[in-house]
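Structural overview for review
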Amino acid sequence: MELIDIKSMNEHELQEFMLSLGEKKFRAEQVYQWLHKKLVTDFEEMTNLSEALRGKLKEKCRLAALTAERVQVSQIDGTSKFLFKLHDGNLIESVLMKYHHGNSVCISSQVGCRMGCRFCASTLDGMVRNLTPSEMLDQIYRIQTISGERVDNIVIMGSGEPMDNYDNVIKFLELINAEKGLNISARNITVSTCGLVPKIYELADLKLQITLAISLHSPNDDLRKTMMPVANKYSIAEIMEACRYYINKTGRRISFEYSLVEGVNDTKECAEQLIKLVKGMNCHVNLIPVNPIKERDYRQSEKRAIEDFKNKLEKNGINVTIRREMGRDIDGACGQLRKRFMENE
Ligand code: SAH
């Protein structure tokens, strides 16, 4: 019998489920609290339920509690990287970053990824499967429990392409935002995509107040195709149009991520093309010094080139920041830890 993924249910679904078990509706609220507020990992801990109900839940449901296989703490900046094991043995990674404005957790949305971006370690072995809403939630729940730190912000920027696992990601957003759960506001959540255009429109129509980040990495299609296979499917013009639609619908500013690779996309011409592309738009450009992975020969741009690139954008009135590198000593970039761990086992 397939076990029921109880932590992926919203309160209404949980009520229906309790009724189907012959239980009173109010039990749903109790169970919901145990799962999403008290963050328990075992039905036995739900002490205000009858033993019979606990027994039924245990028999029919999976609690989707992740186990921490490894935790690495950066000596440089206190960033922690977590390698979690899922119930089927698959491994995923998540990161806790401490900033002065609060704690951010970066979560994965899939096991592996099928987008094939050239600079990214998550995609080297392809995609294994989508994560369920509960598995996305539990990355945050476990990090909060293990670290004892409150999670303030969430970025869906770990392994996987969230728009390739759209329904589960939307359900996750509903649950993490729920008043009876951790109640993390949409404004404190960022979803990052390599640009699956139809899904950007769908997301815009939901009018959530989340931040949408677009992994652009190149200001023209020819170059983008050499870095990101998804560029063969959707052009930059189509992405920009979808972004304008998103801004109009939600009133939110868009973020563009641009990982700088030496001699590839950090040139004067690239800066000028990027300026043309985003000038006048309600957006922010995040420059990321590429984190080199050993499987590829991409090198990080010189500090000077990064500064020059930033200054050019700034002179044109574009909001731009250089992302501080976090966890450089602990396989900080997407998919690096999982990959290394699997190779060594
Ligand atoms: N699939 C989503 C989210 C995951 S990646 C997306 O494409 O946006 C999160 C961000 O990190 C993306 O902008 C991605 O392109 C970038 N990234 C991945 N590997 C990197 C690396 N080695 N160095 C710098 N940025 C990287």
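For the structure given in this document, a descriptive report is provided here.

1. Overview of the pairing of strand 5 (residues 91–99)
- In terms of burial, strand 5 is a largely internal element, seven of the nine residues being buried.
- Where strand 4 (residues 80–85) lies against strand 5, six bridges are found, and the strand directions are antiparallel. Its bridge partner being in strand 5, Ser-80 is matched across the sheet by Leu-96.
- Remark: five residues form the turn of the hairpin made by strand 4 and strand 5, two consecutive strands paired antiparallel; Gly-89 in that turn has positive phi of roughly 95°.
- Pairing of strand 5 with strand 6 (residues 102–106) involves five bridges; the strand directions are antiparallel. In the strand pairing of strand 6, Leu-96 is matched with Val-105.
- Adjacent in sequence and paired antiparallel, strand 5 and strand 6 are bridged by two residues.

2. Quick look at the environment of Ala-231
- As for its position among the elements, Ala-231 is in the loop between helix 7 (221–227) and helix 8 (236–250).
- Judged by relative accessible area, Ala-231 falls into the buried class, the value being 4%.
- Between the alpha carbons of Ala-231 and Arg-114 there is a distance of 13 Å; along the sequence they are 117 residues apart.
- Apart from the residues within four sequence positions on either side, Ala-231 is in contact with Arg-224 and Lys-225.

Basis of the calculations
Residues numbered from 1 in each chain as written. Predicted model: local features only at pLDDT ≥ 70, side-chain atom pairs only at ≥ 80, totals over all residues. Heavy atoms only, no water. Buried < 20%, exposed > 50% of the residue type's maximum accessible area, 1.4 Å probe, protein only. Helix = DSSP H or I, 4+ residues; strand = E, 2+ residues; numbered from the N terminus. Pairing = 2+ DSSP bridges. Contact = heavy atoms within 4.5 Å.

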